[in-house]
Amino acid sequence: MEEVISRILADLETHSTTNLSDANPPLPISQSTLSDLQTLLDDALNTDDSQYVDRLFDDLSSRKLPISSLIRPMASAMDSSPTHISLLASRVYLSLLLSPNAPVFTLFTPMAFLSLLRSIRQCFKNRKIGPPRSGESSRGSLSAANRKRRKGGGRGRGARSRVRDLDEDDGNEEREFDVRMLFSVLERLQLVLGLIHLDRFPDSLKSLVQTLAEIPAMALELCGSAANFDKLSRLCSRVLSGVLNSEHGDQATSAAEILKSLSPLILLAKSQARTFAMGFVMNQMMGMAKEFDGVKKAIVNLPRYLLQKAPEKSEPRALAVESVMLIVKAMEFDEQVEFVKYVVKMAQGKSHFRLVAVDLIPMLITSLRDPMGINTENEAKNSWGFKCLEALIQRCSDATAGIRARALTNLAQLVGFLSTDSRNQAILKEVMGFGIASHPRMEGEMHDLLRRRCMDEKAVVRKAGLLLISKLTGLLGCEFVGDLLKTMGMACSDPLVSIRKAAISALSEAFKTFSDENVMTEWLHSIPRLITDNESSIQEECGNLFLELVLDRVSTVGSTVLSQKKLVCDDLHAKTKSLEMEVEHLFPGGVLVLLKEICNGEVAPWVKKICTSLGKKKRLKPKIAVALQNIIKASESLWLNHSMPIEKWTAPPGAWFLLSEVSEFLSKAVDWEFLHHHWQLVDKNGPGVEFRSPLVQDFDGRVDGIMSNTVAWAGDRVFLLKTISNVSVELPPEPAAALAHNLLTRIEEFNMHSTEVNAHVKALRTLCKRQAIDPEEADDLVQKCVHKTLSKASQILDKYISEASKANIDSDFLTPPGGARRKGRTPLTMSRSLSQAITAVYTVGSLVIICPSANLDAIIRILHTIITSGSSDAKLNKLQGNTFPFKQTAPSLYIQAWVTMGKICLADGELAKRYIPLFVQELEKSDFAALRNNIVVTLADFCVRYTALVDCYVSKITKCLRDSCELVRRQTFILLSRLLQRDYVKWRGVLFLRFLLSLVDESEEIRLLADFLFGNILKAKAPLLAYNSFVEAIFVLNDCHVHNGCSDSQSTPAERDRFSIRGNDEKSRSKRMHIYVCLLKQMAPEHLLATFAKLCAEILAAASDGMLNMDDVHGQSVLQDTFQILSCKEIRISSIRGSTSDAADGEEDGIDGGAASAAAAARGRAITQAVKKSLVQNTIPIFIELKRLLESKNSSLTGSLMECLRILLKDYKNEIDDLLVADKQLQKELIYDMEKYDADKAKSTAAAAVATMQPSCSYRSPHVSEFTQRLQGDSKMASAMSNAVAAATVRSVLKEVSRGSPTPPFTSIGRPKLKSSMGGGASSRGDRPLDVIESLRRRQSFNSDEEN
């Protein structure tokens, strides 16, 4: 050891001499000296013998070397040496402090301690921890990379050269340091903390805590193995625990510093570093918090600090909330309650804090005990859970869409959690305002909230609202659902697939929970129509739900209905029951309601498609057909048990319809005896009431319409015939032949309802094919039946026409007309004959469909006579002779003839070429809405079959979009929309512009259809259509043709008048603006910018260049609309605003929020730059030139222009200098003009308000106080108001002077006269000053601009 001490002293003397002669920082101690020191110190620590260490310190003193001569080079080595040398120096320094009899307070310095901590941190930077390599000595050297890094960052040229010279012999590569060296340093550091109290060195304590907190994060990627990391974590934990001892200062301060340093680790993504931080807090600090109040105080504040630092992105925020909850659950109950109060206050703070609070509230309620105070004596309203729910409900109406969505989703989660306990259910209903008789307003507010959220502009909010409704359904019952059924039904037509799926789930959940008629009805009107949805998964879900909720329910009831009927009949003998009560017991579960709504006209088409889809997939089971037969049998039996006449019985509505649909795929499950029995029953033509065509029911002034049971019998007969057609393959030959003969006989009588005719004809064709051996024979048999029926129909029509014409001729020579009665033809006879003729014409149309090749020459001649009988063409009437005016006297026959002629033309192309112009002509001239509607349908079919022939008439068909009849308008819109989607009609010419007017149609249903077409279908199918036609739409809607480059020569003045909304009245302007806004919403951000530029270039620039006549009223309307469009929010910054909201929605839907936010921000910046460039290059010069032109003409549009310009520059107020950098004078003029316009506008508004004021109290200006309250925030308006009041006072004085009134004395002018408070007399002279002061105190004052 003597030699070791000698070498150490020699090296220290050398360093001491060099450092005294150099002003630079001291040279680091050499590695050999550090090794000698470590050897010496290890021996002393291991043997607990301080002999050699004491000798070292004595020799240093004898050689007049201070302790600093040892510490300073060692600190320099810790700062600037390679990693393994730096750690060795740190270990030596700590060993020196731990050595026996060491002068600790002399050896320890804050700078040396900071160098020690710095060496620990440096070892993790770009280093790999591992064991020492074999064959490598303990000495190391600077690497080339380290020298390169230090080349530009040393403390001085001399120092750098000395370090380089000193370590030349150490090699060129820095080796991996031994991880055991780091472990040894940390172990000695823990021991040193027991000797040195850091309460005197707060900076050293803070640096120590920060370093220890950084080690797990830095070592996470650099550790060679998990074992190394675990040992590092344990050592850091022990050192941090030592810091919490009271010897190192105030425990609260130390604990707060530790928790502050560990917070970044706690907020990290799931990793070992986060596990270390959470483990230390939960295991070490939580235990100490029970003993030390200072640590407890820091722990209590930690969750609040973490919430303040919680990140904004979704996943990191969720981890932060999870960490907070782990800490909160370990706290005492009183501390938990205080934390909950803090969270409730956070819910009222900034948007980021509100979002964190919304995420935290459901975890608090579900994790902590007794949130609703059930086990306490306090009221539920005073519980912390109640206040949390109130805060969460408030956030459901937050201004930020993401917070609204999260609040709704979390509230739905809590509803499901709290519904499991009956006591919690009651409290939940109370906080939401349901079921409280004393607070009906609260319940209405909650309904309104849910309704608004289900129709929110953001998809994620709508989805969350539907989820909440679905959860509330099971809690609150059908009364709650009933108010929101329409809202859920509308959501089933949402443009987004996810929203439609959520609506389907919510409405189906209500259906499964309640057998309420309203719920079933809304479900059937909303869900089955989705079988035609574009999304295949929704189609599949629709079919599955219909099978589960409708068909399976009917099957369940139908399979047990016969046994239930016996029980009901047995009970009937014991107790008399009404028929209605027995029906309810016999058909439970709302089956009759389901069947009735299934055959509703709005539901039946979708039910047919669903049954067809399920049948093709072979998912229909025979039990459904058997169940429907049982229901019909049970209904008939129950009717007979009550001794009711069978001719008045009808099957449950919808039973025959559903059986006719499923029997197509379940023919073997339908019993022929059952069908034969009911055919014999219903073939008696109703319950004894003479049947007549509904088209002529009111011909002779009798009762309108057909009796309800007669219609029901007719409908049952139709569906029964369809069922027979479906199962005809299974019928025996003889019954099939007899039935076919019966059907043909019924058809030839021409006395059926029109709905029955088609069913009879189709059933006859099916039975004819059943009787035939091969297809050719079947076709021949069908043609024979058709020819026979057509021949009889021709005879019926000829007979009616001849009799009607003869009666018409006879009536012309009679005074008064009454030939028909004198010839024995009563009105009743004519009515029957007309009804038979109408049915014959309709039957012809049905026959043409099943047999297009039939000979129709005779029928065509008759139909031509009928449809041309009302023509005003003189030549045509002369050729035809004196024919009967069917259009005036038999409109039903006239309309039906057109329909049948259309069916014939569909089967004969040559005939269609001749008659299509007649159809178009009749469409334009007809006075019958029913006929116009039928012709539109016919022309739509022609457009599919003969596209080229009808294409030139599409513009004439579009005239029906403005028809006086709502049905015709709606039918035309729907048919043309279908043709456009299938590309039979193209969006060219005036078609698109005429469709725009449907957006503002008088009918709400048509407006909804138009909104769906433009907002969903066209946006995906033709995204550029709105952009390309926008400018033209402005001219067309204003009926403006004064633009030199815009003329519509194809449209007549009448057509332009029909398809324009011209006028400057408020109603016309609002309609046009609604259309513009709808089109702007369909445009992408780049198209909005392009539209902005087009409006400036094609309208504003045209106006300033004289191409647009501003003296014309239509041109002025175009300009005013343009100014209003450029001012609206949809065109200005919607893209920038939408990008951020889209990113938020993406985050809520699970999309990578970081990437979405970055892309949205980049797009927003690009759009902002484009807007600025557009304003500089195009907008500002055009506006300035147009402003000068309008001012020269003293135009009323100047105000609109200035208002538009003010709004455009409002968002770029700070950039006005940049926008007008080229002309400072112009900039000043523009700003002055805008300010002057605002002032003039304020004055005019104030003057108008003053003009309406009435005289008020003598000491207060009339109505000033109320008006001023509305203008508190507008200093200009307040100033203008004051000026206007003063002007009104001056005018009143001048008016008095002009009338000759004497000037009041000076005393009365100087101060106002006030009535005494004691009575009606005037106050005395001595009291006047007090009255004046009171008057001034009560006088209304206006705030100045400076005060505002």
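Scoring rules and cut-offs
- Residues numbered from 1 in each chain as written.
- Predicted model: local features only at pLDDT ≥ 70, side-chain atom pairs only at ≥ 80, totals over all residues.
- Heavy atoms only, no water.
- Helix = DSSP H or I, 4+ residues; strand = E, 2+ residues; numbered from the N terminus.
- Contact = heavy atoms within 4.5 Å.
- Areas by Shrake-Rupley, 256 points an atom, 1.4 Å probe, with all protein chains shown as cover.
- Phe/Tyr/Trp six-rings, centres within 6.5 Å; stacked < 30°, edge-to-face > 60°.
- Lys NZ or Arg CZ within 6 Å of the ring centre and 35° of its normal.
- Patch = residues over 30% accessible without salt bridge, like charges linked within 9 Å, V, L, I, M, F, W, Y side chains within 5 Å.
- Salt bridge = Lys/Arg side-chain N within 4 Å of Asp/Glu carboxyl O.
- Lys, Arg positive; Asp, Glu negative; His and termini not counted.
- Charge placed at Lys NZ, Arg CZ, Asp CG, Glu CD.
- Polar contact = N/O pair within 3.5 Å; in protein donor to acceptor, adjacent residues only side chain to side chain.
- Axes fitted to C-alpha atoms, helices over the stretch in contact; angles between N-to-C directions.
- Parallel < 35°, antiparallel > 145°, perpendicular 65-115°, else oblique.
- Left-handed = near helix turned anticlockwise from the far one by under 90°.
- Buried < 20%, exposed > 50% of the residue type's maximum accessible area, 1.4 Å probe, protein only.
- Bend = angle between axes of the 7 residues up to and from the residue.
- pLDDT = per-residue confidence, 0-100.
- Nonpolar A, V, L, I, M, F, W, Y, C, P; charged D, E, K, R; others polar.
- Expected span 1.5 Å × (residues − 1).

## A few points about the overall build of the protein chain
Helix and strand counts for the protein chain stand at 65 helices and 0 strands. For the protein chain, contacts bridging at least 24 residues in sequence account for 73% of all contacts bridging at least 6. By element, 51% of the accessible surface of the protein chain is carried by carbon and sulfur atoms, the whole surface being about 64,800 Å².

## Section: the packing of aromatic side chains
Scanning all chains against the criterion turns up 16 aromatic pairs. For the pair Phe108 and Phe201, a centre-to-centre distance of 5.2 Å together with 55° between the ring planes defines the contact as tilted. Within this pair, whereas Phe108 is found in the loop between helix 6 (104-107) and helix 7 (110-122), its partner Phe201 is found in the loop between helix 10 (179-192) and helix 11 (202-222), the two being separated by 93 residues in sequence. When the ring of Trp987 is compared with that of Phe995, the centres are 5.2 Å apart and the planes differ by 75°; the resulting orientation is edge-to-face. Through a chain of ring-to-ring contacts, three or more aromatic side chains come together here, namely Tyr894, Trp898, Phe919, Phe942 and Tyr946. Across the ring face of Phe1059, the terminal group of Arg994 is positioned such that the distance to the ring centre comes to 4.4 Å.

## A look at a negative patch on the surface
Together, Asp774, Glu776, Glu777, Asp779 and Asp780 line one region of the surface with negative charge. Relative to the elements of secondary structure, Glu776 occurs in helix 37 (residues 775-812).

## Concerning the side chain of Ser261
When you line up the elements, Ser261 lands in helix 13 (residues 251-266). Here Glu257 takes part through its backbone oxygen, which lies 3.0 Å from a polar atom of the side chain of Ser261. Ignoring any residue separated from it by four or fewer positions in sequence, one finds Ser261 in contact with Val209, Gln210 and Ala213.

## As for the packing of helix 5 (residues 83-98) against helix 10
Their axes nearest at 9 Å, the elements helix 5 and helix 10 cross at an angle of 30°. Here helix 5 is positioned roughly parallel relative to helix 10, judged by the angle of their axes. Relative to helix 10, helix 5 is oriented so that their crossing is left-handed. Contacts from Leu87, Leu88, Ser90, Arg91, Leu94, Ser95, Leu97 and Leu98 in helix 5 reach Met181, Leu182, Ser184, Val185, Arg188, Leu189, Leu191 and Val192 in helix 10.

## Side note on the pattern of salt bridges
Considering all chains together, one arrives at 40 salt bridges under this definition. Of the charged contacts in the structure, one is a salt bridge between Lys486 and Glu522, with a shortest N-O distance of 3.3 Å. With Lys486 in helix 24 (residues 478-491) and Glu522 in helix 26 (residues 517-526), this pair connects stretches of sequence that are 36 residues apart. Judged by its relative accessible area of 60%, Lys486 is exposed. Owing to a relative accessible area of 10%, Glu522 belongs among the buried residues under this scheme. Here Lys512 ties to Glu548 by a salt bridge, and the two come within 3.9 Å at their closest N and O atoms. Linking Lys512 in helix 25 (residues 497-513) with Glu548 in helix 27 (residues 536-574), this pair joins segments that are 36 residues apart in sequence. Judged by its relative accessible area of 44%, Lys512 falls in the partly exposed class.

## Some words on helix 51 (residues 1025-1037)
Residue Val1031 marks the point of greatest curvature in helix 51, where the axis turns by about 45°. Counting buried residues in helix 51 gives 10 out of 13 residues, a clear majority hidden from the surface. Burial in helix 51 covers these residues: Leu1025, Ala1026, Tyr1027, Ser1029, Phe1030, Val1031, Ala1033, Ile1034, Phe1035 and Leu1037. Buried-residue contacts for helix 51 involve helix 49 (991-995), helix 50 (1004-1021), helix 53 (1066-1081), helix 54 (1085-1105) and helix 55 (1113-1127).

## A closer look at the confidence of the model for the protein chain
Low pLDDT means the predicted coordinates in that region are not meant to be read closely. On average, the protein chain scores 77 in pLDDT, and the residues at 70 or more come to 75%. Overall, residues 685-707 carries pLDDT values under 50, and its contacts beyond four positions in sequence, including any with other chains, amount to 47 contacts. The model gives residues 1306-1328 a pLDDT under 50, and that stretch makes 16 contacts with residues more than four places away or in other chains.

## Structural notes on the environment of Val920
Note on placement: Val920 falls in helix 44 (residues 909-925). Considered as a pair, Val920 and Lys956 are 36 residues apart in the sequence and their alpha carbons are 7.5 Å apart. Setting aside residues no more than four positions away along its own chain, Val920 makes contact with Leu939, Tyr953 and Lys956.

## Some remarks on unusual backbone geometry
Only a minority of non-glycine residues have a phi that is not negative, and only a minority of peptide bonds are not trans. Even without being a glycine, Ser643 presents a positive backbone phi close to 55°. Within the fold, Ser643 resides in the loop between helix 31 (622-641) and helix 32 (655-662). Under the relative-accessibility criterion, Ser643 is labelled exposed at 66%. Of note, Asp983 is a non-glycine position whose phi angle comes to about 65°, a positive value. If you trace the backbone, Asp983 turns up in the loop between helix 48 (966-981) and helix 49. For Asp983, a relative accessible area of 41% gives the class partly exposed.

## A closer look at the side chain of Asp716
By secondary structure assignment, the location of Asp716 is in helix 34 (residues 708-726). Of the side chains bearing the opposite charge, Arg717 lies closest to the buried Asp716, which forms no salt bridge; the N-O distance is 9.3 Å. When sequence neighbours within four positions are dropped, the list of residues in contact with Asp716 reads Thr650, Ala651 and Trp656.

## Some points on the packing of helix 31 against helix 33 (residues 672-682)
Direction vectors running N to C along helix 31 and helix 33 enclose 45°, while the axes themselves pass 12 Å from each other. In this view, helix 31 runs oblique relative to helix 33, as classed from their interaxial angle. Along this stretch, helix 31 crosses helix 33, giving a crossing that reads as left-handed. Touching Gln629, Ile632, Lys633 and Glu636 of helix 31 are Phe674, His677, His678 and Leu681, all from helix 33. When its residues are assigned to classes, the contact of helix 31 with helix 33 shows 3 nonpolar, 3 polar and 2 charged.

## A short note on helix 23 (residues 459-476)
In a regular helix each residue adds 1.5 Å, so 18 residues correspond to 26 Å; helix 23 covers 25 Å between its end C-alpha atoms and thus fits that length. For helix 23, the buried fraction is high: 14 of the 18 residues fall into the buried class.

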